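Listed below, chain by chain, are the residues.
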Amino acid sequence: MKFATGNQPVNSGVGSAPSVNLLPLNKLRGMGSLIALILIMVVFAVSSPAFLQIQNLMNIIVQVAVIAVIAAGAMFIILTGGIDLSVGGVLALAGVLSASAVRATDSATLGIIVCLGTAVLFGLLAGLLVTYGRIPPFVCTLGTMSIARGIAFVYSGGIPISGFPDAFRFAGAGEVAGIPMMVIIPIVIYVILYFVLVRTPFGKIVYAIGSNEEATRLTGIDTLKYKLIVYSLAGLLTGIGALLYVGRINSGHPGSGIGYELNAIAAVVIGGTSLSGGRGSIIGTVIGALIMGVISNGLNLMNIDPYFQSIVLGTVIVFAVMIDQHSQK
Amino acid sequence: MADALKMRGVSKRFPGVVALDNVDLTVAEGEIHAIVGENGAGKSTLMRILSGAARMDRGEILINDVAVEIGSSQQAINLGIGTVYQNLNLITDLTVAENIYMNRFPGRGGLIDRRKIADGASQALAEMNSDIAPSARVGDLSVADQQMVAIARVLAYDIKILILDEPTSSLSKAESEDLFRNMRRLKSLGVSIIFISHHMDEIFSVTDAVTVLRDGRLVGRWRTDELDEHALVHHMVGREVTEMFPKEVAAIGDVVLAADHISVDDLVHDVSFCVRKGEVLGIGGLVGAGRTELVKSVFGACPRRSGDISLEGQPIDIRSPKQAVEAGIAFVPEDRRREGLITEFSIEDNISLGSIWDLTRHFAVDFKAGAKLSEGMIQAMNVKTPSRKQLVKNLSGGNQQKVVLGKWFCRQPKVLIFDEPTRGIDVGAKAEIYRKISDLAKSGVAVIIVSSELPELMGISDRIIVLNKGRMTGEFMRSAFSADQIMLAATGKAGTESPLPRGQQQ
Ligand SMILES: Nc1ncnc2c1ncn2[C@@H]1O[C@H](COP(=O)(O)OP(=O)(O)OP(=O)(O)O)[C@@H](O)[C@H]1O
Ligand SMILES: [Mg+2]
């Protein structure tokens with residue numbers, strides 16, 4: 001079927017469309033943050049010779065691994081137009097419960113199941129409350145954060161549970177061919193999530209929901225179901241974060257993960273993801289997490305007071321987002 | 001008469017698009033001036049430049065023969081230029097009164113004087129012959145009422161030049177008449193009005209002069225009484241539009257969709273209808289008669305209080321759009337920006353989203369297939385765009401509408417429901433869309449069309465049912481179409497319940 005009339009050769013230019021680019025540069029927002037990351041690294045490389053050594057670069061990844069994994073989940077939720085404040089509390093609870101399970105049974109498998117299961121259940125719960133319960137995500141996850149942390153303290157009596165078999169600590173403290181699992185796991189996760197977000201229908205739908213939920217629903221897509229999946233996925237990623245954390249410090253502590261929700265959100269936002277949903281890239285989030293890690297690592301190498309570090313970090317957040325906003329226009 | 005406004009040699013490019021190329025516009029004081037042209041001709045862009053929402057690359061603007069610089073909407077307003085945009089730009093979570101007084105809340109000691117804005121708003125609305133409550137939330141209003149609010153908001157300033165970009169596209173006939181009365185009243189006060197519309201009858205009934213644009217260039221400027229409709233359309237599209245309603249009567253088969261005793265909240269009461277294979281069923285009535293709610297409830301997009309639906313003779317309990325789409329029912333909503341499109345997505349992504357599962361191979365979206373599908377749609381619907389990667393928000397209003405239609409045209413559902421399909425579409429493209437709808441029916445699709453435009457409804461339907469205040473007040477076969485009878489039924493004044501026995505069901 002073709003229109004016989006109404007060809008508009010002047011401005012239409014149909015057919016001159018650019019071919020599909022494999023690396024969707026237009027989706028690679030957060031260029032501002034990439035520039036910021038490079039600048040910061042140059043400054044540190046100049047001022048501290050230890051900075052660029054492989055060992056130190058690997059350290060940086062290990063230091064940001066937990067936040068990076070959690071931030072990936074936070075990013076999915078933010079893309080749908082939501083927010084998740086519960087990750088810190090859920091991380092603590094998953095850590096405490098799995099630590100206790102491992103201590104009681106000596107089974108690493110059970111520990112891993114409890115750790116991931118707890119976090120997924122909390123994600124699912126938040127998802128149900130947000131979708132079918134129609135509670136705004138901010139309020140809902142503020143509640144689940146408090147509930148999770150409360151249970152962690154009640155259950156453990158406020159006392160850390162420590163000392164695990166190596167198998168349980170493998171994710172956090174193990175190495176393969178000299179490369180720490182704390183480096184391998186985040187990289188694998190990000191590669192998978194990049195594929196999910198850029199190539200799968202699920203990824204497209206996540207962006208669509210964040211941009212215009214009603215139009216997406218009227219297209220025949222069960223938007224509530226997908227939001228539920230997104231919150232559960234974020235829960236799973238928090239669970240993996242908890243596994244790394246507990247393995248690394250060899251202890252499940254009810255007070256752990258305080259402030260992680262804000263760090264995760266900061267990484268996402270520095271990476272150029274819009275807090276109102278529908279826009280952002282997974283690469284941006286990686287860069288966001290790295291910026292946070294690089295800053296604290298570099299300032300440590302320069303022996304700078306941690307309180308001062310927090311001032312620097314805050315300033316970087318504001319500037320990265322500002323550069324990004326302006327480069328967009 | 002002095003010239004209130006002169007725009008000279010205005011040019012504007014966007015990446016890949018020359019939106020305006022050396023365009024002139026002259027509007028006299030107290031004149032109602034039409035700007036007409038096909039979708040994407042540059043009408044809205046010219047108005048956005050005048051209202052400070054976009055910068056021109058070249059050209060000059062003179063107000064009362066004095067050159068002016070318009071760099072922001074605030075500057076435009078200070079110069080006495082008020083604009084009602086194609087997409088209204090209201091804040092849906094605020095009340096009518098708050099929207100009208102946005103930016104200039106009268107107050108005492110930093111607090112908003114609620115009484116004053118409520119009084120001011122109701123006075124402004126009363127002058128426009130409208131009975132909208134100032135305390136209503138704008139998001140709860142019909143599109144027509146929102147339009148009135150947007151106009152009232154602009155009029156609250158001291159305006160010399162009023163820009164109305166397709167104000168009537170979502171208004172009923174009666175509401176349009178109210179608007180025209182208001183336009184003439186303002187004109188008598190010396191206000192110049194620039195009026196954009198794709199309805200030729202409106203151009204001839206309300207405007208004094210016409211400027212025609214085509215592909216971003218000026219075709220000419222005429223006094224309206226120098227032209228007739230035929231000549232104007234010719235200037236617009238540069239060719240003859242022969243047949244407006246290329247209706248081909250298709251072989252009508254078995255009932256595809258039957259809806260029985262549908263009720264929705266307080267809006268639809270016990271309405272039953274059916275549509276057959278190859279048939280185009282029109283649903284007429286005034287704005288607010290419950291037509292949208294009726295079709296939305298059949299599509300599962302708004303909850304039914306009661307009623308049964310069957311598809312091809314099988315009862316089916318549709319509770320969500322997903323179920324409806326899976327069953328083979330598609331729905332083109334009336335509000336393209338809110339319900340029909342993801343404006344931040346490209347054309348390609350919008351089209352792909354509509355067929356996302358068909359385009360998926362081994363968990364991944366097949367981009368090549370998506371590209372092919374959208375290129376095909378762009379060609380078939382004649383969407384004016386530099387590329388399929390163009391974000392939908394950068395398309396002209398009519399071209400956005402073509403994308404919404406195209407999203408479903410390429411899917412060949414069993415039942416296709418259109419709610420006001422040609423809103424914002426230019427004259428030439430309308431005829432093509434009617435042809436497509438007709439072809440669709442011929443290929444065996446059951447088509448349902450909700451429309452407030454009687455000529456359109458009568459031109460393309462095989463059968464029309466009419467609603468009034470949520471109840472069915474008439475049913476007409478094509479052989480018995482009569483504008484008078486349909487209008488009577490729409491206003492609820494028809495004597496008989498139903499002039500013809502209802503189409504047999506099942
Ligand atoms: N922000 C933008 N970015 C890119 N292209 C744009 C932008 N705004 C408008 N255009 C293009 O400029 C051209 C003119 O658009 P404009 O909106 O002025 O058309 P119009 O005459 O108002 O059409 P319609 O009758 O469909 O409303 C179109 O090809 C459109 O795609
Ligand atoms: Mg326009």
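Residues numbered from 1 in each chain as written. Chains lettered and ligands numbered in written order. Predicted model: local features only at pLDDT ≥ 70, side-chain atom pairs only at ≥ 80, totals over all residues. Heavy atoms only, no water.

A. Structural detail: the sheet that holds strand 3 (residues 32-36) of chain B. Residue and element names in this part refer to chain B. Spatial strand order, 6-9-10-3-11-12: 6 strands in an open sheet with mixed pairing. Unpaired on one side and paired on the other, strand 6 (81-84) and strand 12 (217-223) mark the two borders of the sheet. Averaged over all pairs of adjacent strands, the angle between their axes in this sheet comes to 15°, without regard to strand direction. Sheet analysis places strand 3 next to strand 11 (residues 209-214), joined by 4 bridges and oriented parallel. Opposite I35, over in strand 11, you have T211 as the bridge partner. On top of the sheet, helix 5 (residues 143-155) reaches strand 6 and strand 9 (161-165); it is set at about 170° to strand 6, its chief contact. (Pairing = 2+ DSSP bridges. Helix = DSSP H or I, 4+ residues; strand = E, 2+ residues; numbered from the N terminus. Axes fitted to C-alpha atoms, helices over the stretch in contact; angles between N-to-C directions. Contact = heavy atoms within 4.5 Å.)

B. Broad picture of the confidence of the model for chain B. All names here are of chain B. For chain B, the mean per-residue pLDDT works out to 89, and 95% of the residues sit at or above 70. When pLDDT is averaged over each element of chain B, strand 3 comes out on top at 97 and strand 7 (residues 107-108) at the bottom at 60. A low-confidence stretch, residues 495-506 (pLDDT under 50), is modelled with 30 contacts involving residues beyond four sequence positions or located in other chains. The ipTM value of the predicted complex is 0.86, and its pTM value is 0.88. (pLDDT = per-residue confidence, 0-100.)

C. Up close: the pairing of strand 9 of chain B. All names here are of chain B. The buried count for strand 9 comes to 5 of 5 residues, which makes it a mostly enclosed element. Across the two faces of strand 9 the burial is the same, with I161, I163 and D165 and L162 and L164 all buried. Two elements, strand 6 and strand 9, share 4 bridges in a ladder whose sense is parallel. Residue pairing for strand 9: V84 is matched across the bridge by L164. The pairing of strand 9 with strand 10 (residues 192-196) spans 5 bridges and is parallel. Across the sheet, the residue bridging to L164 is F195, located in strand 10. As for the winding sense of the linkage, the β-α-β connection from strand 9 through helix 6 (residues 173-188) to strand 10 is right-handed. (Buried < 20%, exposed > 50% of the residue type's maximum accessible area, 1.4 Å probe, protein only. Right-handed = clockwise from strand over helix to strand, strands pointing away.)

D. Representation of the interface of chain A and chain B in the model. Every contact between the two is made by 40 residues of chain A and, on the other side, 50 residues of chain B. Of the roughly 4000 Å² buried at the junction of chain A and chain B (both faces included), carbon and sulfur atoms supply 59%. On inspection of chain A and its partner chain B, the count reaches 1 salt bridge. When the shortest N-O distance is used, the salt bridge between D349 of chain B and K204 of chain A registers 3.6 Å. Run the count over chain A and chain B and you get 6 residue pairs in polar contact (both at pLDDT 80 or more). Ranked by the residues each element gives to the side of chain A that touches chain B, the list is headed by helix 9 (residues 201-211) of chain A, at 6 residues. Here the side of chain A that touches chain B is built from residues that sort into 17 nonpolar, 15 polar and 8 charged. (Buried area = accessible area lost by both parts, 1.4 Å probe. Salt bridge = Lys/Arg side-chain N within 4 Å of Asp/Glu carboxyl O. Polar contact = N/O pair within 3.5 Å; in protein donor to acceptor, adjacent residues only side chain to side chain. Nonpolar A, V, L, I, M, F, W, Y, C, P; charged D, E, K, R; others polar.)

E. Summary view of the domain arrangement of chain B. All names here are of chain B. The domain boundaries assigned to chain B delineate domain 1 (3-237), domain 2 (253-328 + 413-494) and domain 3 (337-412). The straight-line distance from the C-alpha centre of domain 1 to that of domain 3 is 30 Å. Summed over both partners, the interface of domain 1 with domain 3 comes to about 670 Å²; 46% of that surface belongs to carbon and sulfur atoms. On the domain 1 side of the contact with domain 3, N39, G40 and N87 bury the most area, a combined 54% of that side's loss. Residues K384 and D215 are paired through a salt bridge, measuring 3.5 Å at the closest nitrogen-oxygen approach. Our enumeration of links across domain 1 and domain 3 arrives at 3 residue pairs in polar contact (both at pLDDT 80 or more). Of the residues that constitute the side of domain 1 that touches domain 3, the class distribution is 3 nonpolar, 6 polar and 1 charged. (Domains from an automatic or database assignment.)

F. Local environment of the packing of helix 3 (residues 54-79) of chain A against helix 11 (residues 223-249) of chain A. All names here are of chain A. Running from N to C, helix 3 and helix 11 cross one another at 170°; their axes reach a closest spacing of 7 Å. When the interaxial angle is binned, helix 3 and helix 11 end up roughly antiparallel. Mapping the contact onto sequence places V62, A65, V66, V69, I70, A72, G73, F76 and I77 in helix 3 and V230, Y231, L233, A234, L237, T238, I240, G241, L244, Y245 and R248 in helix 11. Taken together, the residues of the contact of helix 3 with helix 11 break down into 16 nonpolar, 3 polar and 1 charged. (Parallel < 35°, antiparallel > 145°, perpendicular 65-115°, else oblique.)

G. Fine view of the nonpolar core. V66, F76, F202, L237, L244 and I291 of chain A are the most contacted members of the largest nonpolar core, which has 96 residues in total. In terms of residue count, the dominant contributor to this core is helix 3 of chain A (16 residues). Sequence-distant contacts of I291 of chain A, defined by excluding residues within four places in its chain, comprise S33, A36, L37, I40, I270 and V316 of chain A. Counting 74 residues, the second largest nonpolar core, distinct from the first, contains A301, I309, I351 and I448 of chain B. (Core = buried A, V, L, I, M, F, W, Y, C linked by side-chain atoms within 4.5 Å.)

H. The arrangement of unusual backbone geometry in detail. Residues and elements named next belong to chain A. Backbone geometry places D106, a non-glycine residue, at a positive phi of 65°. Its identity as a non-glycine residue notwithstanding, N303 has a phi of 60°, on the positive side. With respect to the helices and strands, N303 occurs in the loop between helix 13 (282-301) and helix 14 (306-328).

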